[in-house]
Amino acid sequence: MKKFIKNLITLGCIMVMMIGVLGGCSNSTKIKSDTGDLVSSTDTSEKVTITVGIKNFTDSSTYKYWPMEITKAIEDKLNIELKLINYDDQKLSIDLTSGDMCDIMCVGPEYIENVLKGKYAVNLDDYTDTLAQNIYSDRFETRNSIMRNFRSNDESKLYFTTPGELGEGEGEKYSTVMYGYVVRWDLYKEIGMPEINSGDDYIEVLKQMKKKYTETKDGLPVYAMGHYNDSGLHSWTFRGMLDLGYTNVDANCMYLVDVRKNELISNVMAEEELSPFWDDMHFYNKMYNEGLLDPDCFIEKAEDLKGKYAKGQYLGGINSWHYGDWNTNHADSDESYIILPSNMVWSGATSLGGWSDKLFFVSSHSKNKDKAIQTLDYFNSEEFARLIFSGIEGQNWENGELMNDTIAMKSDPTRTEEWGQLGLSGSYGWDSISAIGATAILKDGSMASLWNTDKVFNSSLSTTEKDMCSTFGLNYPSEIINKRVEEGKSFDQSKINSLYTACMESAPQDITRIDNNVTEIVTNAIPGLVQAADETEFNTAKEKLLSDLKAANIDTAVKWWMETYQKAKENVKEVTAE
Amino acid sequence: MYKRKEKSSRIIFQIFNYILLIGFTLICVYPFWTMIIYTVSDPSIADIKTPVLFPEGFTLFNYKEILGLKGFFHSLFISILRTVLGTSVTVFTSAILGYLFTKEEMPCRKFLYRIVVLTMYINGGLIPTFILIRSYGLLNSFWVYILPMAVSAYYVILIKTFVEQLPKELEEVAIIDGAGYFKVFTNVIIPLSKPIIATIAVFAAVSHWNSWFDNYIYTSKNEQIQTLQYLLYQYLNQAQQMAEQVKYSHGAISSAAASISTKGVRMTITVLAFLPIFIVYPFMQRFFTKGIMLGAVKG
Amino acid sequence: MAKRKGFYHYRLLFMALPFMILILLFNYMPVFGWIYSFYDYIPGIALKDCDFVGLKYFKMLFTDVNTLRVMKNTLIFAGINIILTPLPMLFAILLNEIKLSPIQKIIQTFSTIPNFISWVIVYSLAFSLFSYDGLVNAFLQIFGINIDAGNAYNVMGDSNTVYWFQSFLQLWKTLGWNAIIYLAAITGIDQELYNAARVDGAGYFRCALHITLPELSATYFVLLMLNIGNILNTGFEQYFMFKNPQTASNIEVLDLYVYRIGLESQDYSYGVAIGIMKFAISVVLLTIANKAANKIRGEYII
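Residues numbered from 1 in each chain as written. Chains lettered and ligands numbered in written order. Predicted model: local features only at pLDDT ≥ 70, side-chain atom pairs only at ≥ 80, totals over all residues. Heavy atoms only, no water.

A. Looking closely at the packing of helix α9 (residues 169–176) of chain B against helix α10 (residues 181–192) of chain B. All names here are of chain B. Between α9 and α10, the shortest axis-to-axis distance is 10 Å and the interhelical angle comes to 165°. Our classification of the angle between α9 and α10 gives roughly antiparallel. Of the two elements, α9 crosses α10, and the hand of that crossing is right-handed. Taken together, the residues of α10 that come into contact with α9 (itself represented by L170, E171, A174 and I175) are V184, V188, I189 and L192. Within the contact of α9 with α10, the residues separate by chemical class into seven nonpolar, no polar and one charged. (Axes fitted to C-alpha atoms, helices over the stretch in contact; angles between N-to-C directions. Helix = DSSP H or I, 4+ residues; strand = E, 2+ residues; numbered from the N terminus. Parallel < 35°, antiparallel > 145°, perpendicular 65-115°, else oblique. Left-handed = near helix turned anticlockwise from the far one by under 90°. Contact = heavy atoms within 4.5 Å. Nonpolar A, V, L, I, M, F, W, Y, C, P; charged D, E, K, R; others polar.)

B. Quick peek at the packing of helix α11 (residues 194–210) of chain B against helix α8 (residues 162–187) of chain C. At their nearest, the axes of α11(B) and α8(C) sit 8 Å apart, and the two run at 160° to each other. Classified by the interaxial angle, the pair formed by α11(B) and α8(C) is roughly antiparallel. Here α11(B) runs over α8(C); the crossing is right-handed. Packed against α11(B), whose contacting residues are B:P195, B:I196, B:T199, B:V202, B:F203 and B:V206, the element α8(C) presents C:W177, C:I180, C:I181, C:A184 and C:T187 at the interface. Taken together, the residues that form the contact of α11(B) with α8(C) break down as nine nonpolar, two polar and no charged.

C. Up close: the interface of chain B and chain C. Across the boundary between the two partners, chain B contributes 97 residues, which contact 87 residues of chain C. Roughly 8,300 Å² is buried in total at the junction of chain B and chain C, and carbon and sulfur atoms are behind 76% of that figure. A salt bridge links C:E97 to B:R10; the nearest nitrogen and oxygen atoms lie 3.2 Å apart. Linking chain B with chain C are twelve residue pairs in polar contact (both at pLDDT 80 or more), by the criterion used here. Looking at side-chain class alone, the side of chain B that touches chain C contains 66 nonpolar, 22 polar and nine charged residues. (Buried area = accessible area lost by both parts, 1.4 Å probe. Salt bridge = Lys/Arg side-chain N within 4 Å of Asp/Glu carboxyl O. Polar contact = N/O pair within 3.5 Å; in protein donor to acceptor, adjacent residues only side chain to side chain.)

D. Summary view of the sheet that holds strand β8 (residues 316–319) of chain A. Residues and elements named next belong to chain A. Read across the sheet, three strands follow the order β8-β4-β9 without closing on themselves; strand pairing throughout is antiparallel. Across the chains shown, the open sheet's two edge strands, defined by having one partner strand only, are β8 and β9 (337–340). Direction aside, the axes of adjacent strands within the sheet are offset by 35° on average. Examined bridge by bridge, strand β4 (residues 179–184) and β9 share four bridges and lie antiparallel to one another. (Pairing = 2+ DSSP bridges.)

E. Region of the structure containing α11(B). With 17 residues, α11(B) should reach 24 Å at 1.5 Å per residue; the first-to-last C-alpha distance of 24 Å fits that figure. With 14 of its 17 residues buried, α11(B) lies for the most part within the structure. (Expected span 1.5 Å × (residues − 1). Buried < 20%, exposed > 50% of the residue type's maximum accessible area, 1.4 Å probe, protein only.)

F. Structural view of the side chain of A:R386. Residue and element names in this part refer to chain A. Relative to the elements of secondary structure, R386 occurs in helix α13 (residues 382–390). R386 sits in the buried class, given a relative accessible area of 3%. Here M447 takes part through its backbone oxygen, which lies 2.9 Å from a polar atom of the side chain of R386. In contact with R386, not counting residues within four places along its chain, are G391, W397, L442, D444, S446, M447, A448 and L450.

G. Seen up close, the sheet that holds strand β10 (residues 359–362) of chain A. All names here are of chain A. An order of β2-β1-β3-β10 is seen for the four strands of this open sheet, with the pairing classed as mixed. In this open sheet, the two strands that pair with only one neighbour each are β2 (80–87) and β10. On average, each strand axis in the sheet is tilted by 20° relative to the strand beside it, whichever way the strands run.

H. Structural view of the packing of aromatic side chains. Scanning all chains against the criterion turns up 76 aromatic pairs over all chains. Centre to centre, the rings of A:Y63 and A:Y428 are 4.7 Å apart; their planes meet at 45°, and the pair counts as tilted. Of this pair, A:Y63 sits in the loop between β1 (48–55) and α2 (69–78) while A:Y428 sits in the loop between α15 (416–422) and α16 (454–459), placing them 365 residues apart in sequence. For the pair A:Y63 and A:Y428, one class covers both residues: buried. Seen from their ring centres, A:F277 and A:W278 are 5.0 Å apart, and the 80° between their planes marks the pair as edge-to-face. Overall, the relative accessible area of 0% leaves A:F277 in the buried class. Among the aromatic side chains, those forming a connected cluster through ring pairs are A:F57, A:Y63, A:Y65, A:W66, A:Y378, A:F379, A:F384, A:Y428 and A:W430. Between the NZ or CZ atom of A:R239 and the centre of the ring of A:F283, over which it lies, the distance is 3.9 Å. Here the guanidinium or amino end of A:K301 rests over the ring plane of C:Y123, the centre of that ring lying 4.7 Å away. (Phe/Tyr/Trp six-rings, centres within 6.5 Å; stacked < 30°, edge-to-face > 60°. Lys NZ or Arg CZ within 6 Å of the ring centre and 35° of its normal.)

I. Up close: the pairing of β1(A). Residues and elements named next belong to chain A. Extensive coverage of β1 is indicated by the burial of six of its eight residues. Of the strand pairs in this sheet, β1 and β2 are connected by eight bridges, and their pairing is parallel. Its bridge partner lying in β2, I50 is registered against L82. After leaving β1, the chain enters α2 and then returns to the sheet as β2, a path that is right-handed. Note that β1 and strand β3 (residues 104–107) share three bridges and pair parallel. When the bridges of β3 are listed, G53 appears paired with M105. (Right-handed = clockwise from strand over helix to strand, strands pointing away.)

J. Examining unusual backbone geometry more closely. All names here are of chain A. Residues W66 and P67 are joined by a peptide bond in cis, for which omega reads -10°. Here P67 lies in the loop between β1 and α2. If you check the backbone angles, N153 has positive phi at about 60° while not being a glycine. Looking at N153, the relative accessible area reads 38%, which means it is partly exposed.

Shown next as C-alpha cells:
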C-alpha cells in the first residue's frame with residue numbers, strides 16, 4: 001500500500017515537471033506571435049504569412065510535397081509565406097463567430113449573409129486601381145457585375161471573386177471522354193463494336209458482353225454495373241441526364257437545366273418523357289429484370305464500387321470515377337475501360353461568372369490586409385493561371401508549349417516524387433483557386449493549361465486508348481466527341497448559359513428542408529421502382545412515390561425553384577444589357 | 001458423490017466457457033488482423049485480392065507516410081503529455097469527488113450529485129461553448145485539453161458506486177484513529193479502489209489519446225500543441241480530399257494521387273489508435289487480478 | 001467523534017468546491033446557448049441582430065411528420081440495447097471463471113479491440129462479409145447451399161432485420177469494453193464472502209448466483225439508469241454508415257435525422273432546440289426510473 005502511495009507521489013512530481021515544460025512551450029509560442037505582429041505593423045515589405053481557408057480542401061500543413069515548386073514561385077512573387085487551410089461547416093461557423101479567420105476565405109453562397117452582415121469582407125472597390133488591378137481586368141467584367149448585383153446584399157459593391165471563369169469559346173475540353181457509356185474495350189471489340197445510341201442499345205451491348213465474360217479470373221460474379229449510394233441521386237439519374245441533355249443545379253440532382261434550351265425542370269415531377277429520373281428508372285428496371293444489375297447496387301458506396309471495379313466485376317458504368325485502379329493495373333493490355341459518348345457530351349461548357357459555389361473574399365480582420373488583397377488579386381491573374389496549370393516558364397513551358405520533359409514526367413511512374421514536388425498534379429486543388437479556368441485563352445494566344453493541345457493529348461495514350469484511336473481513326477479519345485457532334489448524333493454543352501444558375505439566390509431554409517425531405521423520399525423509392533417485376537408493379541410504385549411527394553409539399557419547393565430561375569434569367573438580361 | 005457430480009459439471013462448464021470466450025475473442029481479433037495485414041499489403045495487389053490470412057505483398061508504405069508527416073514526433077510528444085497529464089487529473093478529481101459523494105453527512109449531497117450526473121445529458125452547443133472557452137482565455141492553450149475534461153460525471157458515478165460497496169470497517173477504524181477526510185481518502189479509499197481507479201485510468205487515457213475535436217476547434221491555430229490524433233485526422237482528410245479531387249481532375253490521374261488509398265489510411269490510423277490500450281491496459285490489469293482481502297489491507 | 005458533528009461536515013463541501021466550480025464553468029455555463037433556439041441564429045451575426053422566432057423550432061419538431069417514425073426507431077434500438085445490458089456483466093463473470101491467468105488477460109485485452117474500430121471501417125468489414133458477394137454467402141456456397149443473385153440473402157439491405165442486425169454489431173463492438181467495469185467490480189468483492197460461502201458448502205454456481213451477482217447489481221443498476229436517461233442519444237455514425245435506400249425508413253434514429261436536417265442545412269437553432277428537448281426527456285426518464293428504483297429497491301440510485 002505504501003508503494004502505491006509512493007507511486008502516486010512520483011506521478012505528482014512528473015506532473016509538476018510537465019507543467020514546467022509546458023509553461024516553456026506556451027511562452028515560446030507567445031513570443032513568436034508577438035514578434036510576428038510587430039513586424040507586420042511596422043514594415044509591410046517584410047515577408048508575412050497569408051492564410052487561405054477553403055472548404056473541403058487539401059490542407060497544406062499535412063500535404064507531403066508542400067511547399068511545391070509552384071508554391072515557391074507564388075511565394076517569391078508576392079514575398080509571402082502561403083498556407084492553405086481546410087475548413088468544414090463547423091469550423092467555419094466557429095471562425096465566423098470569433099472573427100478570427102484566414103486572411104483570404106472561400107465560402108459557399110449560403111454564407112453570404114453571415115459574411116456581409118457580420119462585415120467580414122473587404123470591399124474590393126477601394127482598390128480598383130491599386131492592389132486589385134487583375135480582379136478588375138476586362139475579362140472579369142461580367143463576373144464582377146454579377147457579384148456586385150447579386151452577391152453584395154444590395155450594396156452594389158464588389159466583395160467576392162470566383163474561380164474557374166471561362167468566357168465565350170473557351171469551353172471545357174478533356175483528352176478523354178469523361179462521361180457516357182463505359183465499356184470494357186476488349187469485350188466490346190469481341191462482340192463487334194455495335195454502335196450505342198440509346199439506353200436500350202447499351203443494355204444489349206452489356207448483355208452480349210456478359211455472355212463473353214461470365215466470371216472474373218478469380219471466379220467472382222460479373223455484373224453490368226453497380227451504383228454509389230453516397231452522392232444523393234447522382235448515380236441513379238446521371239445516365240438519364242446525359243441521354244436527355246441536362247446538367248444538375250443542386251447537389252442532389254433534384255433540379256436540372258436543359259443545356260440546349262436553358263429551362264429548369266424538377267427531375268422527378270417533370271413529365272415522363274422529359275425527366276432523366278424516370279428515364280433512368282425504366283432503364284435500370286429493364287436492366288434489373290435482365291439480371292444485369294449488381295444485387296448489391298442499393299447498399300454500395302463509392303468505395304465498394306471502386307473495390308469491385310478493381311476486381312474486374314463490372315462491364316460498364318456511367319463515369320470514370322471508380323475504375324481508375326483497374327485501368328492502372330491493366331495499362332499495358334487492352335482490358336481497360338473506355339467511355340463512349342452519349343447523346344449529350346460533357347464538353348464545351350463555359351463558365352462566365354466562374355464557379356458560383358466558391359466565393360473568395362479578403363477578411364476585414366486580416367492583419368495583413370494589403371498583402372491579402374494582393375494575393376487574391378494574383379489568384380485572378382493570367383500569370384497565376386498559367387503557373388498552376390502549366391508550371392514555371394522556361395522550366396516547364398516556353399513559347400506557349402509544354403516542354404517534353406514535363407509531359408514525360410506526368411505519366412512516368414519512376415518520377416512520381418519529382419512530379420509531386422513540382423505541384424502540377426491535378427489532384428491538388430489549385431484549379432479551384434485560380435479565377436481563370438484551364439481552357440481559357442490568355443493574352444499570348446494559348447490556353448492557361450497547355451496540356452489541352454492535340455499534341456499533348458496524343459502523347460500520353462494508354463495501350464487501350466491507342467487501340468481505340470486507331471480503330472476509330474482518331475488522334476486522341478475525346479475526338480470522337482467532335483466527330484459525333486459534327487455528325488449530329490450528339491450535342492455538347494456550349495449552349496448552356498452558366499450565368500443563369502450563377503445568379504440564382506440560394507434557397508431559404510424552409511425550401512432546403514422540403515428538398516432534403518423530398519430527396520430522401522425519392523431515394524428510398526428507388527429499390528421498389530427498379531425491382532418492379534412488371535409494368536403494373538412499376539406504376540403502382542410510381543403512383544405511391546408521387547403521392548408521397550405531394551404530401552411532402554414538393555410543389556412549394558418546385559415553384560420556388562422555377563420562379564427563382566426565371567428571376568435569375570431576367571436579372572442576367574438586365575445586367576448583361578448594361 | 002455430490003462433490004464428484006459438481007466437479008464433472010464444472011469441467012463441462014469450463015470447457016464450454018473457454019470455447020465461448022476464445023471464440024468471441026477470435027471474432028474480435030480477426031477483423032483487426034485483416035486490417036493490419038491490409039495496411040502492410042501492397043495496395044495494387046490487395047485491391048484485387050483481399051488479403052485473408054497473410055499480407056499480399058509487403059510494404060510499410062502506409063506507416064512510413066505517417067511517420068514522415070511533418071511534426072509527427074512533436075505531436076506524438078504532445079499527445080503523450082496530454083494523455084498522461086489529462087488522465088492523472090481526471091482520475092484524481094473524479095476519485096475524490098466520487099468519494100465525497102459517498103459521505104452521507106455531506107450537506108446538499110444528493111443535490112450536488114444530481115447536478116454532476118446531469119452533466120451527462122446537458123449540452124449547450126458548439127458555438128456557446130466556444131465563446132466561453134475563448135472568454136476563459138483558454139483558446140490555443142494546452143489547458144483546454146485538460147480542464148474541460150477534468151471532472152467526468154461517468155467516472156464520478158463509477159467511483160461512488162464502487163466505494164459504496166466497500167466494507168465500512170476500515171474507514172471507521174481510520175476515523176477513530178483521528179484521520180481527516182483527505183487522509184482517509186489517500187490511505188484507505190485509494191488502495192481499496194485500485195481496480196476501479198485502474199479502470200477509469202484506462203477509459204480516460206483512451207479518450208484523451210483519441211480525441212482530436214478539441215484540438216480542431218480550440219487550438220488549431222497553435223501548431224506547437226498539435227496532437228497526434230489531429231494530425232492523423234488532417235492526414236485522413238487530405239487523402240479523402242485527394243480521392244475526391246481525382247474525380248474532377250482534368251486529364252489522366254497522376255500516380256502520386258493514385259497511391260494514396262483512403263481505406264489504407266483509415267485502417268493504419270485505427271491500428272495506431274489501438275496502440276495505447278495495448279500498452280496501458282495490460283499494465284493496469286495487475287490491479288484487477290487479486291480480489292480484496294480485508295486482512296491484507298489491514299497489514 | 002463528537003467534535004466532528006456540525007460544522008466539520010462542511011469540510012466535505014469545501015473539498016468538493018473546486019471540482020464543482022469546474023463543472024459549473026465547463027458544463028453549465030454553456031447552457032446560456034439555449035437562448036439561440038429562440039432566434040434564427042446565423043453564425044457570425046450578433047444574436048441581437050438575428051430574428052426572434054420564439055417557439056418556432058419547438059413547434060416544428062412536433063409538427064414534423066418524420067418525428068414519429070424516427071422516435072419509434074430510436075425507441076426500438078434503445079429497447080433492444082436495454083435488453084442486452086446484462087451481457088457485459090455476464091461476460092465479466094464468465095471471464096472471471098477463466099483461471100488460467102495469461103489466457104484471461106489475453107481475452108480481456110483483445111475483446112476490447114472492436115471498440116477502437118470506427119463505424120466507417122465496421123461498415124466496410126460488414127460489406128465484405130454480408131453483401132451478396134460477401135464471405136458469408138461464399139461460405140454457404142461451399143457447403144452446397146445453392147445461391148445465386150436471386151436467392152442469396154443480404155442482411156444489410158433487409159429492413160425487417162435491421163434492428164437486430166445493428167444491435168448485434170453494436171454488441172460486438174462494445175461487449176468487451178463495457179465488461180471492464182464489471183471486471184473491476186468483481187475484483188472489489190470481499191474475498192471473505194466467498195471463503196465463508198465455501199465453508200458452508202456452496203459450489204461455484206451458487207457463489208456466482210448468491211455473491212457475485214448481488215455484489216454487481218449496484219453497478220448494473222447505476223449503468224442501467226444512465227442508459228435509460230440516454231435513450232434518445234443513440235449517436236448517428238453507425239446508422240449513417242449503414243443507411244441505404246432499402247433500410248432507410250427503419251434505421252433512421254433521432255440523432256441521424258437531426259444530423260440530416262440540421263447540420264446538412266445549417267440549421268443551427270433547430271439543432272439547439274432538439275438538444276433542449278432531449279435534455280428534458282432525459283430528466284423525466286431519469287426521475288421516473290429513480291422513483292421506480294426507490295419503490296422496488298428501497299433506495300434512490302441517483
